[in-house]
Amino acid sequence: MAPTISITVKLFAAYQEAYGVPELQLHLPSGITVIELRDRLISEHPELAEWREVTRYGVNLKFAEPQTVLQDGDEVVFIPPVSGGLES
């Protein structure tokens, strides 16, 4: 059996809307990267595909590159662009 890691994924904007929760607790294969995690989330919710190229990532409160390898206990944040203000 392959080793696994436990991580917390904080979801914002479209990601939170798709999942209906502000965070996920996941058990993933050891050696998984941020981009592989992103692709897993998109495969579970294909409507997130439009955010694939514009989402930024954070790991443990620091911006992270998509190729960052996740470690047990990491907190990962997916940050799609958001708009604000009032609609007229």
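By convention here, each chain's residues receive numbers from 1 onward along its written sequence. Given that the model is predicted, a residue must reach a pLDDT of at least 70 before its local features are reported, and side-chain atom pairs must reach 80 or more before they are shown or counted; all residues, however, enter totals for whole chains, interfaces and linings. Water and hydrogen atoms were dropped before computing side-chain values, which therefore reflect all heavy atoms in the structure.

(A) Broad picture of the nonpolar core. The term nonpolar core refers to a set of buried residues drawn from Ala, Val, Leu, Ile, Met, Phe, Trp, Tyr and Cys, joined through side-chain atoms within 4.5 Å. Accessible area is worked out with a 1.4 Å probe on protein chains only. A residue is then buried under 20% of its type maximum, exposed over 50%, and partly exposed in between. I7, V9, L37, L41, L70 and F78 are the most contacted members of the largest nonpolar core, which has 23 residues in total. Numbering of helices and strands runs from the N terminus, with a helix taken as a DSSP run of H or I at least four residues long and a strand as a DSSP run of E at least two residues long. If you list the elements that add at least two residues to this core, you get β1 (4–11), α1 (13–19), β2 (23–29), α2 (34–44), β3 (56–59) and β5 (75–79). Any two residues whose heavy atoms approach within 4.5 Å at even a single point are treated as in contact. Not counting the four nearest positions on each side in its chain, L41 is found in contact with V9, L11, Y15, Y19, L24, L48 and F78.

(B) Spotlight on the side chain of T55. With respect to the element layout, T55 can be found in the loop between α2 and β3. By relative accessible area, T55 is classed as buried at 7%. We define a polar contact as two N or O atoms separated by no more than 3.5 Å, with the added condition that, inside protein, one atom must be a possible hydrogen donor and the other a possible acceptor, whereas residues neighbouring each other in sequence contribute only through side-chain atom pairs. In this structure the side chain of T55 is engaged in a polar contact, spanning 3.0 Å, whose partner is the side chain of Y15. Within polar-contact distance, the side chain of T55 engages the backbone oxygen of W51 at 2.7 Å. Residues in contact with T55, not counting those within four places in the same chain, are Y15, F78, I79 and P80.

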